[in-house]
Amino acid sequence: MTPRWFWEDLTPGLTMTFGPKLVNRDEVIDFAQKFDPQPFHLSEEAGKASLFGGLAASGWHTSSMVMRLMCDGFLLDSSSLGSPGLDSLKWLKPVMVGDEIRAVMTVLANRPMKSKAHVGLTQSRWEGINQRGEVVLLLESWAMFGRRHQAEATPD
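Please read these numbers as outputs of a predicted model, since none were measured by experiment. Throughout this description, residue numbers start from 1 for each chain and increase along the sequence as written. A pLDDT threshold of at least 70 governs which residues receive local features in this predicted model, and a stricter bar of 80 or more applies before side-chain atom pairs are shown or counted, although totals over entire chains, interfaces and linings include all residues. Values reported for side chains reflect all heavy atoms of the structure, with hydrogen atoms and water molecules removed beforehand.

Asker: Explain the sheet that holds strand 3 (residues 100–112) here, please?
Answerer: Paired through backbone hydrogen bonds, the strands of a sheet run either parallel or antiparallel to each other. Should DSSP find at least two bridges between two strands, the strands are taken to pair. Think of it this way: any DSSP run of H or I at least four residues long counts as a helix, any run of E at least two long counts as a strand, and we number them from the N terminus. Read across the sheet, five strands follow the order 1-3-4-5-2 without closing on themselves; strand pairing throughout is antiparallel. In this open sheet, the two strands that pair with only one neighbour each are strand 1 (15–22) and strand 2 (85–91). When strand polarity is set aside, the average angle formed by the axes of neighbouring strands in this sheet is 20 degrees. The pairing of strand 1 with strand 3 spans six bridges and is classified as antiparallel. Bridging across to strand 3, Met 16 finds its partner in Met 105. Axis geometry follows a simple rule: fit a line to the C-alpha atoms, using only the stretch in contact for helices, then measure angles between N-to-C directions, giving values from 0 to 180 degrees.

Below you can see the structure in the form of structure tokens.
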């Protein structure tokens, strides 16, 4: 199947929104038990006694939920070739059980990869936003996408 989104489509300023995802109690606890077993991620009681004031999702869980929204809404229908890593990742506000989060992607920059004619590089900002319009997660990174039209490779 031909992807909908190629590198050429990802022009600076393009913004897309995905979601929402309801933050579920059982998922928060399950993720925490497996990957981030701090008490305030494991029980309502410990969460209430913490700075969060309730059962809070791990920042890593929040990142994973935003990644899933990214995949379902965009990446799985694109020519994505992966990412060389994150430039930044910030958890700005706690995500609590019962919150709904959306993912908003904004393309910041785009350039062809000089050494691989079939690949383009795209810099984007991803925001996780809760139902109150608050940014809870901010991520910036470069990603590699297949090009619809291959150009001549030039030395990097």
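Asker: It is not clear to me how unusual backbone geometry should be interpreted in this structure. Could you clarify?
Answerer: A negative phi angle characterises most non-glycine residues, just as the trans form characterises most peptide bonds. The peptide bond linking Gly 19 to Pro 20 adopts the cis configuration, its omega dihedral lying at 20 degrees. With respect to the helices and strands, the residue Pro 20 is situated in strand 1.

Asker: How should the packing of aromatic side chains be read in this particular structure?
Answerer: Any pair of aromatic rings gets described here by the distance separating the centres and the angle formed by the planes. In this scheme Phe, Tyr and Trp rings, the latter by its six-membered ring, pair at centre separations within 6.5 Å, and the angle between planes marks the pair as stacked below 30 degrees, edge-to-face above 60, and tilted otherwise. Going through the model one piece at a time under the given rule, you end up with seven aromatic pairs. When the centroid spacing of 5.9 Å and the interplanar angle of 55 degrees are considered together, the rings of Phe 74 and Phe 145 count as tilted. Here the residue Phe 74 occupies a position in the loop between helix 4 (59–73) and strand 2, and Phe 145 occupies one in strand 5 (residues 135–146), the gap between them amounting to 71 residues. Pair check on accessibility: Phe 74 and Phe 145 agree, each one buried. Here the aromatic residues Trp 5, Phe 18, Phe 74, Trp 126 and Phe 145 are joined through ring pairs into a cluster of three or more. Think of it as a cone above the ring: NZ of Lys or CZ of Arg counts as a charge over the ring if it is within 6 Å of the ring centre and within 35 degrees of the ring normal. Here the guanidinium or amino end of Arg 111 rests over the ring plane of Trp 142, the centre of that ring lying 5.7 Å away. Exposure classes here rest on a 1.4 Å probe applied to the protein chains alone. A residue is buried below 20% of its type maximum, exposed above 50%, and partly exposed in between.

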